[in-house]
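# Survey of secondary and tertiary structure
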Amino acid sequence: MLLAPTSLLTPAPLQEIGRSTAQQNTAAPAESFGALLKEKLNEISALQQQADVLTQEYLAGRVEDVHEVMLVLEQANLSLQLAVQVRNKVVEAYQEISRMQF
């Protein structure tokens with residue numbers, strides 16, 4: 001579907017926007033925080049395992065592209081660092097809440 005440049009500038013009616021937002025919210029079931037956290041940790045674990053396998057293959061001489069190995073290693077490293085930072089923020093928030101007096 002091709003859109004004319006002027007159709008991108010004209011706003012959609014508010015009724016259509018409201019319906020589309022409501023349909024999007026009811027179409028996808030809400031995922032629990034625990035399930036989302038578990039899924040993301042599994043993704044990080046898979047990235048770490050992929051990096052380990054690629055490193056072993058490089059050391060064995062089966063992979064010659066150093067750039068590919070470094071990119072996978074850096075991606076695994078950054079994802080692990082992000083997970084650690086998120087964990088630190090969650091622990092910090094929990095400690096802050098536990099210090100509150102009721």
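Residues numbered from 1 in each chain as written. Predicted model: local features only at pLDDT ≥ 70, side-chain atom pairs only at ≥ 80, totals over all residues. Heavy atoms only, no water.

### Observations regarding the overall build of the chain
Along its length, the chain carries four helices and zero strands. Along the chain, from the amino end to the carboxyl end, the secondary structure elements read α-α-α-α. Across the 102 residues in the chain, those meeting the buried criterion constitute 9%. (Helix = DSSP H or I, 4+ residues; strand = E, 2+ residues; numbered from the N terminus. Buried < 20%, exposed > 50% of the residue type's maximum accessible area, 1.4 Å probe, protein only.)

### Some words on the environment of aspartate 52
Within the fold, aspartate 52 resides in helix α3 (residues 33-60). Relative accessible area serves as the criterion here: at 48%, aspartate 52 is assigned to the partly exposed category.

### Details of α3
For α3, spanning 28 residues, the distance from its first C-alpha to its last is 41 Å, which sits close to the expected 40 Å at 1.5 Å a residue. On the buried face of α3, the contacting elements are α4 (66-99). Glycine 61 sits one or two residues past α3 and shows a positive phi near 90 degrees. (Expected span 1.5 Å × (residues − 1). Contact = heavy atoms within 4.5 Å.)

### Quick notes on the environment of valine 72
Mapped onto the elements, valine 72 comes out in helix α4. Sequence separation of valine 72 and threonine 55 is 17 residues, and the distance between their C-alpha atoms is 9.1 Å.

### Quick notes on the pattern of salt bridges
Taken as a whole and assessed by the stated rule, the structure comprises two salt bridges. The shortest N-O distance in the salt bridge between glutamate 43 and lysine 40 comes to 3.6 Å. Taken together, the positions of glutamate 43 and lysine 40, both in helix α3 and three residues apart, correspond to about one turn of that helix. You can call lysine 40 partly exposed: its relative accessible area is 39%. (Salt bridge = Lys/Arg side-chain N within 4 Å of Asp/Glu carboxyl O.)

### Examining the confidence of the model for the chain
Taken over all residues, the pLDDT of the chain has a mean of 81, while the share at 70 or more is 71%. Within the chain, the lowest mean pLDDT, 46, falls on helix α1 (residues 5-9), and the highest, 95, falls on α4. Contacts for the low-pLDDT stretch residues 1-11, under 50 throughout, to residues beyond four places or in other chains number one contact. (pLDDT = per-residue confidence, 0-100.)

### Observations concerning the nonpolar core
In this structure, Leu47, Ala51, Leu54, Val63, Val69, Val72 and Ala76 together form the largest nonpolar core, which totals seven residues. Put simply, the parts of the chain that give this core at least two residues each are α3 and α4. Once you skip the residues sitting within four places of it in the chain, valine 69 turns out to touch Leu54, Thr55, Tyr58 and Val63. (Core = buried A, V, L, I, M, F, W, Y, C linked by side-chain atoms within 4.5 Å.)

### Regarding the packing of α3 against α4
Their axes nearest at 9 Å, the elements α3 and α4 cross at an angle of 150 degrees. By the angle class used here, α3 and α4 are roughly antiparallel. Relative to α4, the crossing made by α3 is left-handed. Contacts from Ile44, Leu47, Gln48, Gln50, Ala51, Leu54, Thr55 and Tyr58 of α3 reach α4 at Val66, Glu68, Val69, Val72, Leu73, Gln75, Ala76, Asn77, Ser79, Leu80 and Ala83. Of the residues in the contact of α3 with α4, the class split is twelve nonpolar, six polar and one charged. (Axes fitted to C-alpha atoms, helices over the stretch in contact; angles between N-to-C directions. Parallel < 35°, antiparallel > 145°, perpendicular 65-115°, else oblique. Left-handed = near helix turned anticlockwise from the far one by under 90°. Nonpolar A, V, L, I, M, F, W, Y, C, P; charged D, E, K, R; others polar.)

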